[in-house]
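Coordinate analysis (summary)
Now for the letters of each chain:
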Amino acid sequence: KRGELEIAKYYFALVVECFDSGAEERELHNTSNSALSMLVFSGLFNNIGCLQYIDGNITSAIENFAKALEIGKNAPLRQTCGNYKKKMIQGYKHVGTIYYNIGVINAWLGFKDEVIRPLERSLGYQKVALGENHPDIAIVQHNIGAVLVGAGHLDDAMNAFLESLRIIRFVNGNDEYQVAKELFHVGKVHEMKGEY
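Attention in this report is confined to the structure presented alongside it. (Residues numbered from 1 in each chain as written. Predicted model: local features only at pLDDT ≥ 70, side-chain atom pairs only at ≥ 80, totals over all residues. Heavy atoms only, no water.)

Quick notes on the side chain of N106
Short version of the rule: Runs of H or I in DSSP of at least four residues are treated as helices and runs of E of at least two as strands, each being numbered from the N terminus. N or O atoms within 3.5 Å of each other form a polar contact, as long as, within protein, one can give a hydrogen and the other can take it, and as long as residues adjacent in sequence are counted only when both atoms are side-chain atoms. A contact between two residues is defined here by any heavy atoms of the two lying within 4.5 Å.
For N106, the position within the fold is in helix 4 (residues 84-109). From its side chain, N106 meets the backbone oxygen of E114 in a polar contact 2.6 Å long. Among residues more than four places away in sequence, those in contact with N106 are F111, E114, V115 and P118.

In structure tokens, the structure reads:
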């Protein structure tokens, strides 16, 4: 696994070098593919941040998440050319993912007061892209609940798990496995709060 991580970091570094060296020639905002190009490079920096997080280089991970967020939020998604709706959805999902990564890092670093805001922003972007009752929103809610448990925000974690459960029931009915899995997490939070 270590070798694969090093290879991935090497290729990401090459692409970033090409991106940085060609920045003057590109006019990303004036081309029909500018939004997509910016989302690709934003995704690149997000992925580099994830690799650095895995590698334990938290400072560099945060820097790359910030760069990814800046590029992603500035992508001209309201262009008239191309598939406007698809670009909007990609953009909102992507920016939501970056905010989620920032929240996870804050939780890992123990910055408990700086966990909720990025996660709430992540969820907001994901809901704009996918809608309130999309199955992926249930997954995002569940993951946010798990991060909040780790950060000690048990009431907020409970709300996230309950919202995930609501969406699961809305989408899947009473699918026993999915419902049971989410109820297990709700029960664990009750247990952690001393509510038996």
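From this point on, the discussion continues.
Describing the nonpolar core
Convention followed: Here, the term nonpolar core denotes a set of buried Ala, Val, Leu, Ile, Met, Phe, Trp, Tyr and Cys residues that are joined through side-chain atoms within 4.5 Å. Three exposure classes are used, based on accessible area relative to the maximum for each residue type with a 1.4 Å probe and protein chains only: buried under 20%, partly exposed in between, and exposed over 50%.
V115, L119, I144 and L148 are the most contacted members of the largest nonpolar core, which totals 23 residues. For this core, the elements supplying multiple residues, two or more each, are helix 5 (116-130), helix 6 (135-151), helix 7 (154-172) and helix 8 (176-192). Examining the composition of this core, we find that eight residues originate from one element, helix 7, more than from any other. The next biggest cluster of nonpolar side chains, apart from the first, holds 16 residues, and it includes M38, F41, A61 and Y125.

Examining the environment of L119
Among the secondary structure elements, L119 is positioned in helix 5. A relative accessible area of 1% means that L119 is categorised as buried. Between the C-alpha atom of L119 and that of G103, which follows or precedes it by 16 residues, the distance is 5.5 Å. Beyond its immediate stretch of four places on either side in the chain, L119 contacts Y100, G103, I144, V147 and L148.

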